[in-house]
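Letter by letter, the chains look like this.
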Amino acid sequence: MSLYQLHRCVWDSVRAASVSSSNAGSHFDVGRYDLTDEERKAFEDKDVAALYRIGLHPVLLNGFARASGFTRDDYRRVLEVFGTGEERTGRWQK
Amino acid sequence: MAEIVLAYAASHAPMMAAARDSAPEEQRKNFFGALEWLRDEARERDVQAVVILSNEHFTNFFLENFPQICIGVGERNWGPTEAWLPIAKAWIPGQPGLANHIARYTLDSGFDPAFSHLLELDHGVMTVYHELNPEMDLPLVPIVQNCAVYPLVPLRRSYEFGKALGEAVRTFDGLDRIAVVGAGGLSHWIGHPRVGDIEESFDRWFLEQLEEGSLDQVLDMPDAELELAGNGAHEIRSWLAIAGAVAPGTARTLAYEPIYPWITGMAVSHFETS
């Protein structure tokens, strides 16, 4: 098992709800993926914080959160616990 | 030979279609006013086809195989894929002659773009394309870049690809008048604790660099520094490709609005195409 399996699971689930040019991705079964207990629980519980902590890619996390009915304000509140501060500065910051 | 008769770049938040009215009226008016002006320009210049560069959001590609650049060479492509995006789902006409010429030319120029005979188009392309052509009958060559999954194409490489793209368009003999458009950015965060923040100072600085035509500070920026303006800021690669396509032409900012309900620094820039 690997983090790849979680990514694939989330990707397939999000795609199953999309309107693609074919219906090939429309059958989704979480049992097909080799997930750890923690990963499966986070996925099935739609636990955005746990998925973030485990390391789900942010683009997939965004799509999954949206597909799961979270507004961005909702999931920002959930994720804020991981910190929003930044000490580094970019060259555009005077 | 074809001419690039219109070149611009615009941000592409899905909420510009899905939650249009959530933006303050003045900001909405400025942002869409710029896009409306460009739509009128496209009609005035009788554009025959448009090349739109956007970024991949895991809509076509996944971790098994994630091209850095992919050119849509098909006779048609499909979009938008998001069920909730209020744009009619449709087959969008492609321009295989132009697309294959771009693929061939950029291959001969030292780039290795992937190609696809059927791209699924998400909000990244479709919001901007729909604003340009609400009838959705203008032939479209979509090009998607990897702006999300490390390792990313260096910023300078995107700019150089844009230069090759511009030369490709100008050496195509199947059409006369072509538009090139970049879609994405500017600062924003997604799937991140800072979702909803906008780095206005980055956005204004970036737009100034485009206007001054002094891009070295941008093109030399490491990804880790750019990401201080948000993980969505990597999408400026589409803007840089357009800057390359029309170099040495500079940009004029038509609109910049940090639209917090859309969680994105929303800008529109028009590039000289002499």
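Residues numbered from 1 in each chain as written. Chains lettered and ligands numbered in written order. Predicted model: local features only at pLDDT ≥ 70, side-chain atom pairs only at ≥ 80, totals over all residues. Heavy atoms only, no water.

Draft legend 1. Examining the overall build of chain A more closely. Along chain A, the regular secondary structure elements total 5 helices and 0 strands. Scanning chain A from its N terminus toward the C terminus, one meets helices and strands in the order α-α-α-α-α. For a compact globule of 94 residues, the expected C-alpha radius of gyration is about 12 Å, and chain A comes in at 16 Å, more than 25% above that figure. Seen along its three principal axes, the alpha-carbon backbone of chain A occupies a region of about 50 × 35 × 25 Å. Taken across its 94 residues, chain A has 35% of its residues classed as buried. When contacts within chain A are restricted to residue pairs at least 6 apart in sequence, those whose partners lie at least 24 apart make up 52%. Summed over all atoms, the accessible surface of chain A reaches about 5,400 Å², with 47% contributed by carbon and sulfur. With 14 positive and 14 negative side-chain charges, chain A shows a separation of 8 Å between the mean positions of the two kinds. (Helix = DSSP H or I, 4+ residues; strand = E, 2+ residues; numbered from the N terminus. Rg over C-alpha atoms; globule rule 2.2 N^0.38 Å. Buried < 20%, exposed > 50% of the residue type's maximum accessible area, 1.4 Å probe, protein only. Contact = heavy atoms within 4.5 Å. Areas by Shrake-Rupley, 256 points an atom, 1.4 Å probe, with all protein chains shown as cover. Lys, Arg positive; Asp, Glu negative; His and termini not counted. Charge placed at Lys NZ, Arg CZ, Asp CG, Glu CD.)

Draft legend 2. Fine view of the packing of aromatic side chains. The tally for this structure, following the rule as stated, stands at 18 aromatic pairs over all chains. An angle of 50° between the planes, with centres 5.9 Å apart, marks the rings of Tyr4(A) and Phe62(B) as tilted. Here Phe62(B) lies in the loop between β2 (49-55) and β3 (69-72) and Tyr4(A) lies in helix α1 (residues 3-16), a pairing that spans two chains. Residue class for Phe62(B) comes out buried when judged on its relative accessible area of 2%. (Phe/Tyr/Trp six-rings, centres within 6.5 Å; stacked < 30°, edge-to-face > 60°.)

Draft legend 3. Representation of the nonpolar core. Residue and element names in this part refer to chain B. Counting 71 residues, the largest nonpolar core has Leu 35, Val 50, Tyr 129 and Trp 262 as the members making the most contacts within it. A per-element tally of this core places helix α2 (residues 25-44) first, with 6 residues. With residues up to four places along the chain from it excluded, the contact list for Val 50 reads Tyr 129, Leu 132, Leu 138, Pro 139, Leu 140, Val 141, Ala 179 and Val 181. (Core = buried A, V, L, I, M, F, W, Y, C linked by side-chain atoms within 4.5 Å.)

Draft legend 4. Seen up close, the packing of α1(A) against helix α4 (residues 58-67) of chain A. All names here are of chain A. Interhelical geometry of α1 versus α4 gives an angle of 45° and a closest axis separation of 10 Å. By the angle class used here, α1 and α4 are oblique. As α1 runs across α4, the sense of the crossing is left-handed. Contacts from His 7, Val 10, Trp 11, Ser 13 and Val 14 in α1 reach Leu 60, Gly 63 and Phe 64 in α4. (Axes fitted to C-alpha atoms, helices over the stretch in contact; angles between N-to-C directions. Parallel < 35°, antiparallel > 145°, perpendicular 65-115°, else oblique. Left-handed = near helix turned anticlockwise from the far one by under 90°.)

Draft legend 5. Spotlight on the sheet that holds strand β10 (residues 264-271) of chain B. All names here are of chain B. Pairing is mixed in the open sheet, where 8 strands are placed in the order β6-β3-β7-β2-β8-β1-β10-β9. Strands with a single pairing partner mark the edges of an open sheet, and in this sheet they are β6 (114-116) and β9 (251-259). Neighbouring strand axes in the sheet, compared pairwise and without regard to direction, differ in orientation by 20° on average. Across 3 bridges, the pairing between β3 and β6 is parallel. Pairing of Gly 72 across the sheet is with Ser 116, part of β6. In the packing of helix α3 (residues 96-108) onto the sheet, contacts are made with β2, β3, β7 (140-145) and β8 (177-183), and the angle to β3 comes to roughly 150°. (Pairing = 2+ DSSP bridges.)

Draft legend 6. Broad picture of the interface of chain A and chain B. Every contact between the two is made by 33 residues of chain A and, on the other side, 42 residues of chain B. Counting each side, the surface lost to burial between chain A and chain B is near 3,200 Å², with a carbon and sulfur contribution of 62%. When the buried area of chain A at its contact with chain B is split by residue, Val19(A), Arg91(A) and Trp92(A) rank highest and sum to 27% of it. The partner of Glu64(B) in a salt bridge is Arg8(A), with the nearest N and O atoms 2.5 Å apart. Connecting chain A to chain B are 15 residue pairs in polar contact (both at pLDDT 80 or more). Those elements giving two or more residues to the side of chain A that touches chain B turn out to be α1, α4 and α5 (72-79) of chain A. Examining the composition of the side of chain A that touches chain B, we find that 6 residues originate from one element, α4(A), more than from any other. Here the side of chain A that touches chain B is composed, by residue class, of 13 nonpolar, 11 polar and 9 charged. (Buried area = accessible area lost by both parts, 1.4 Å probe. Salt bridge = Lys/Arg side-chain N within 4 Å of Asp/Glu carboxyl O. Polar contact = N/O pair within 3.5 Å; in protein donor to acceptor, adjacent residues only side chain to side chain. Nonpolar A, V, L, I, M, F, W, Y, C, P; charged D, E, K, R; others polar.)

Draft legend 7. Broad picture of α3(B). Residues and elements named next belong to chain B. The first and last C-alpha atoms of α3 sit 18 Å apart over 13 residues, in line with the 18 Å expected at 1.5 Å per residue. Listing the buried residues of α3 in full gives Leu 98, Ala 99, Ile 102, Ala 103 and Thr 106. For α3, the arc enclosing every buried residue in end-on projection is 140°, short of the 170-degree limit, so these residues lie on one face. Where α3 is buried, its residues contact β2, β3, β7, α5 (155-170) and β8. (Expected span 1.5 Å × (residues − 1). Arc of directions from axis to C-beta.)

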